[in-house]
Amino acid sequence: MTELKSNSVGWFEIPVEDMDRATTFYEAVFACTLEHHDMGPLQMAWFPSVENGKGSAGALVKHSDWYRPSDFNGVMIYFTAHSGDVATELGRVEQAGGKILQQKKSIGEYGFVAFFLDSEGNRIGLHSRV
């Protein structure tokens, strides 16, 4: 068996139908700026990343043939709450156009999680240690 030298996930993509709406939503919830890349029929907005940092980089993606948002049938992505407390980011969700599915909940020694639907209808998780 090969010894891992990094986390298993190297990149993630969140499907969107309206790139401007989705970018506005994620920038408001996570208090960050996404970097836009137009690649013909494929549009992307990259989340900020830290070189050699923990976790994975990723983007919002829009392509009419290849990507569709999914609420409860797709892959589950958990964002790290960089504020240190999922309640902070979760507190921005509804004002930004999303819907809270589950308030902050303890998962024991692993910290806390919360869940929401983004502006596009994707189910997203939040995680923090506090």
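What comes next concerns the included structure.

Rules used throughout
- Residues numbered from 1 in each chain as written.
- Predicted model: local features only at pLDDT ≥ 70, side-chain atom pairs only at ≥ 80, totals over all residues.
- Heavy atoms only, no water.
- Pairing = 2+ DSSP bridges.
- Helix = DSSP H or I, 4+ residues; strand = E, 2+ residues; numbered from the N terminus.
- Axes fitted to C-alpha atoms, helices over the stretch in contact; angles between N-to-C directions.
- Contact = heavy atoms within 4.5 Å.

1. As for the sheet that holds strand S3 (residues 42–46)
Thought 1: Spatially, four strands are ordered S1-S4-S3-S2 in an open sheet, and the strand pairing comes out mixed. Each of the sheet's edge strands pairs with one partner strand only, and the pair in question is strand S1 (11–15) and strand S2 (35–39). Pairwise comparison of adjacent strand axes, ignoring direction, gives a mean angle of 25° for this sheet.
Thought 2: When S3 meets strand S4 (residues 57–62), the two strands line up antiparallel, connected through four bridges. Bridging across to S4, Ala-45 finds its partner in Leu-60.
Thought 3: Across the sheet, helix H1 (residues 19–30) touches S1, S2, S3 and S4, and the angle it forms with S4 is around 150°.

As far as function goes, none of this settles anything; it's purely spatial.
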